[in-house]
Amino acid sequence: MIIGIVGLGLIGGSLALDLKKQGHHVLGVSHRDSTTQRAISLGIVSQASVNMSLLSDAEVVFICTPLGFIIPTLEQLIAHLPSSCVITDVGSVKTPIVKGISPVWENFVGGHPMAGSNDSGIEAACKNLFNDKPYVLTPINTTPTTAITVVENLISQLGVNIHYCSPEEHDKAVSLISHLPVMSSASLIAACEKEADSQVRLLAQKFASSGFRDTSRVGGGNPELGVMMAKYNREALLMSLQNYRSNLDELIKLIEREDWTSLEQILHSTQQARGKFVEQ
């Protein structure tokens, strides 16, 4: 197939690598000429350009730009694509994207690969990034089944685990396991950084090890991405933050009351529950 990738960062570049490896003709578009040249020299794409007209023959297009640019990118794309072209995206929030694009482009399927790393840019692109990772599709009632099938067939070649849900369900779930951790992790770092005693703060910096590294990782990530999560998934994220604050308040009360038995029960419960979300 002829596949277009708009946005050649970590996700777009990695998609291009794996799809090209499967024998597809991959066309890359980036707003930076230096990125397109690098993508070609690294063998990530078959062809690349800063001009969207490169995609005029594309059968499928993945929009892999930051969240805030997905809809504007689609608006620029439609002048260059045949109506038969299937468009999908990789945004981590789905409701505003699906609502914004579906009325404009019939063959649109919302998507979200649940994979990534701390690195960014075309240099971060790597093979098999999506292998054995969840890949969520969020079709709605008006999404053509033919378009869904096309996207399914392509992403299945990446070795992903495909999941289906509504855009609204996706955003609520992702607010809990992706967006809330960013905010809570950022709060952890801020609490340490704002320690009033400079000597204690310095010691904390020296003592920090694997526990702090694990719990602070996502809070030390891309600030722009964190803001986009909050802006485009505001309602669901606020509900998750309020629920988190309620649980934190409960722990504070138990420690204030020195109710160690109840605290142990909660920690035992969370110890058991963690395995439902991640492999231990």
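Residues numbered from 1 in each chain as written. Predicted model: local features only at pLDDT ≥ 70, side-chain atom pairs only at ≥ 80, totals over all residues. Heavy atoms only, no water.

An unreviewed UniProt entry annotates the chain as Prephenate dehydrogenase of Calothrix parasitica NIES-267. Entered under Sequence similarities (unreviewed entry) in the UniProt record, the comment concerning the chain runs "Belongs to the prephenate/arogenate dehydrogenase family." (UniProt positions renumbered as here; feature names shortened; annotations may be inferred.)

Attention now goes to the sheet that holds strand 6 (residues 108-109). Taken in spatial order, the 6 strands make up an open sheet running 3-2-1-4-5-6, and their pairing is parallel. For this open sheet the edge positions go to strand 3 (47-49) and strand 6, each flanked by a neighbour on one side alone. Pairing analysis gives 2 bridges linking strand 5 (residues 86-89) to strand 6, with the strands arranged parallel. Each residue of the ladder has a partner; that of T88, found in strand 6, is V109. Contacts between helix 3 (residues 70-77) and the sheet are confined to strand 1 (2-6), strand 4 (60-63) and strand 5, with strand 4 contributing the most and set at about 150° to the helix. (Pairing = 2+ DSSP bridges. Helix = DSSP H or I, 4+ residues; strand = E, 2+ residues; numbered from the N terminus. Contact = heavy atoms within 4.5 Å. Axes fitted to C-alpha atoms, helices over the stretch in contact; angles between N-to-C directions.)

Within this structure, the stated rule accounts for 3 salt bridges. Salt-bridge contacts for K21 lead to D18; the nearest nitrogen and oxygen are separated by 3.9 Å. Highlighted residues: K21 and D18, both in helix 1 (residues 10-21), separated by 3 residues, approximately one helical turn. Look at D18 and you get buried, because its relative accessible area is 3%. (Salt bridge = Lys/Arg side-chain N within 4 Å of Asp/Glu carboxyl O. Buried < 20%, exposed > 50% of the residue type's maximum accessible area, 1.4 Å probe, protein only.)

Moving on: the sheet that holds strand 8 (residues 134-137). Strand order across the open sheet formed by 3 strands is 7-8-9, with mixed pairing between neighbours. The open sheet has two edge strands with one neighbour each: strand 7 (111-113) and strand 9 (161-164). Neighbouring strand axes in the sheet, compared pairwise and without regard to direction, differ in orientation by 20° on average. Of the pairings in the sheet, the one linking strand 7 to strand 8 comprises 3 bridges and is antiparallel in character. Opposite P113, over in strand 8, you have Y135 as the bridge partner.

In this section: a nonpolar patch on the surface. Residues L176, I177, F277 and V278 make up a contiguous nonpolar surface patch of roughly 400 Å² in combined accessible area. If you trace the backbone, I177 turns up in helix 6 (residues 167-193). I177 gets classed as partly exposed once you look at its relative accessible area, which sits at 44%. (Patch = residues over 30% accessible without salt bridge, like charges linked within 9 Å, V, L, I, M, F, W, Y side chains within 5 Å. Areas by Shrake-Rupley, 256 points an atom, 1.4 Å probe, with all protein chains shown as cover.)

Each domain of the chain was delimited in the assignment, giving domain 1 (2-165) and domain 2 (169-277). Computed over C-alpha atoms, the centres of domain 1 and domain 2 are 31 Å apart. Facing 15 residues of domain 1, the contacting portion of domain 2 comprises 12 residues. Across the domain 1/domain 2 interface, buried area totals approximately 1,100 Å², and carbon plus sulfur atoms make up 64% of it. Our enumeration of links across domain 1 and domain 2 arrives at 0 salt bridges. Inspection of the domain 1/domain 2 interface yields 3 residue pairs in polar contact (both at pLDDT 80 or more). The class makeup of the residues in the side of domain 1 that touches domain 2 is 8 nonpolar, 6 polar and 1 charged. (Domains from an automatic or database assignment. Buried area = accessible area lost by both parts, 1.4 Å probe. Polar contact = N/O pair within 3.5 Å; in protein donor to acceptor, adjacent residues only side chain to side chain. Nonpolar A, V, L, I, M, F, W, Y, C, P; charged D, E, K, R; others polar.)

Right, let's get into the packing of helix 10 (residues 234-256) against helix 11 (residues 260-274). Running from N to C, helix 10 and helix 11 cross one another at 145°; their axes reach a closest spacing of 8 Å. Where helix 10 crosses over helix 11, the handedness of that crossing is left-handed. On helix 11, the residues touching E250, L251, L254 and I255 of helix 10 are W260, S262, L263 and I266. Across the contact of helix 10 with helix 11, the residue classes break down as 6 nonpolar, 1 polar and 1 charged. (Left-handed = near helix turned anticlockwise from the far one by under 90°.)

Moving on to the side chain of T95. By the element assignment, T95 lies in helix 4 (residues 95-101). Accessibility expressed as a relative area gives 13% for T95, which makes it buried. Here the side chain of T95 touches D171 through a polar contact of 2.6 Å, side chain to side chain. Once residues lying within four places of it in the same chain are set aside, the contact partners of T95 are P167, E168 and D171.

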